[in-house]
Amino acid sequence: MDTELLERTARELVAPGRGILAADESNGTMSNRLAAVGVEPSSETRRAYRSNIFATSGYQSAISGVILFDETIRQKMSDGTPIPEYLASRGVHPGIKVDTGAKELAHHSGEKITEGLDGLRERCAEYFAMGARFAKWRAVIRIGEGMPSDANLSTNAHALARYAAICQEQGLVPIIEPEVLMDGEHDAQTCYDVTARILDETFAACEVQGVHIPGALLKPNMILPGKSCSDQGNREQAAQLTVDCLTNHVPHNLPGIVFLSGGQSDEDATAHLNLMNGMDVEHPWQLSYSYGRALLAHALQTWASGSNEDSQGAFAHRAAMNSLARTGDWSAELEV
Ligand code: 13P
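Everything numeric in this text was worked out from a predicted model, so none of it was measured.

Criteria and cut-off values
- Residues numbered from 1 in each chain as written.
- Predicted model: local features only at pLDDT ≥ 70, side-chain atom pairs only at ≥ 80, totals over all residues.
- Heavy atoms only, no water.
- Near = heavy atom within 4 Å.
- Polar contact = N/O pair within 3.5 Å; in protein donor to acceptor, adjacent residues only side chain to side chain.
- Areas by Shrake-Rupley, 256 points an atom, 1.4 Å probe, with all protein chains shown as cover.
- Helix = DSSP H or I, 4+ residues; strand = E, 2+ residues; numbered from the N terminus.
- Contact = heavy atoms within 4.5 Å.
- Axes fitted to C-alpha atoms, helices over the stretch in contact; angles between N-to-C directions.
- Parallel < 35°, antiparallel > 145°, perpendicular 65-115°, else oblique.
- Left-handed = near helix turned anticlockwise from the far one by under 90°.
- Nonpolar A, V, L, I, M, F, W, Y, C, P; charged D, E, K, R; others polar.

Residues in close proximity to the ligand total 13 residues, the closest being Lys 136, Lys 219, Ser 261, Gly 262 and Arg 293. With respect to the ligand, the side chain of Arg 293 contributes an N or O atom lying 2.7 Å from an oxygen atom. Expressed as a share of its isolated accessible area of 300 Å², the protein-covered part of the ligand is 92%. Those elements that place two or more of their residues in the shell around the ligand are strand 6 (134-141) and strand 10 (286-291).

Encoded structure:
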């Protein structure tokens with residue numbers, strides 16, 4: 001394991017003012033998103049939309065890396081440059097989603113286990129040769145009646161740790177993503193408790209597998225009430241609960257935490273991060289973003305209904321707002 005390379009890549013991914021763009025929707029998910037804005041889904045429309053985003057000028061100051069899907073890492077920009085080569089030439093690390101999706105967990109109706117360990121070593125080696133320097137694996141944890149089960153937590157924690165170890169062996173920084181979903185009526189405390197459990201199990205499994213924590217990143221949910229909870233709290237409460245949970249359940253030698261947006265509005269995702277980074281305490285890790293929808297939802301709509309330039313403008317704006325949130329310097333007036 002090249003710990004020096006892993007640590008350097010991890011630090012670069014969470015460098016000051018920078019965060020990650022998650023553009024790794026599977027073909028199915030991306031096709032649904034294109035269809036929802038009236039665009040015929042195809043390999044070419046997925047390429048055209050994403051390559052236009054990647055060609056946005058000046059976003060490198062806010063974006064350190066882009067997570068790609070297998071189809072995209074093999075595609076080219078409109079001038080024929082391979083996409084990973086193009087991103088690297090702009091100082092942006094190409095990343096790759098390496099899990100093969102969340103499947104039904106046997107004997108546990110409604111719960112999922114993320115698959116993709118078979119052949120992972122060989123796929124990581126191929127992606128590294130194509131220029132990828134980091135990877136992502138997403139586990140999905142649902143809160144509900146009797147959920148999450150011990151089986152759901154332990155199997156996903158084990159898979160995340162095995163994935164992380166294999167990535168590191170192949171030179172890729174693993175982004176460890178145990179996502180507690182926002183769906184449901186649960187309150188913020190329940191989200192806190194479940195997040196604490198999956199974080200504890202995941203880092204315990206990482207220790208067993210020998211994962212090098214200074215060469216990894218964590219991509220967690222924020223601590224929020226379920227979307228259908230009657231008490232939605234406020235942004236300050238969410239920011240404080242999130243920082244408390246992470247401080248108590250994430251190793252302090254991890255270089256960075258890159259949040260998912262998980263269905264929050266664009267502005268909530270930015271405001272929550274801004275509040276956390278504006279606190280009068282020094283956190284042990286960098287607190288940054290690895291947003292998908294909160295960076296691109298508006299850009300996608302704009303691409304479908306407007307011009308390539310307007311779509312790039314929408315993305316550049318969200319990237320700049322989240323970059324400011326890295327230092328607590330964002331404010332709502334800047335959104336106008
Ligand atoms: P969202 O920010 O849209 O939740 O996507 C991030 C991601 O990569 C989920 O795996």
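Next comes the rest of the description.
Relative to the elements of secondary structure, His 186 occurs in the loop between strand 7 (173-180) and helix 8 (188-209). With 43 residues separating them along the chain, His 186 and Ile 143 place their C-alpha atoms 7.3 Å apart. The residues touching His 186, leaving out its near neighbours within four places in the chain, are Ile 143, Leu 181, Cys 191, Leu 224, Pro 225, Gly 226 and Cys 229.

Another aspect to go through is the packing of helix 3 (residues 43-54) against helix 11 (residues 293-305). Between helix 3 and helix 11, the least distance of the axes is 11 Å, while the angle of their chain directions is 120 degrees. Taken together, the axis directions place helix 3 and helix 11 in an arrangement best described as oblique. Along this stretch, helix 3 crosses helix 11, giving a crossing that reads as right-handed. Residues Thr 45, Ala 48, Tyr 49, Asn 52 and Ile 53 of helix 3 form the contact with helix 11, whose own contacting residues are Leu 296, Ala 299, Leu 300 and Trp 303. Classifying every residue of the contact of helix 3 with helix 11 gives seven nonpolar, two polar and no charged.

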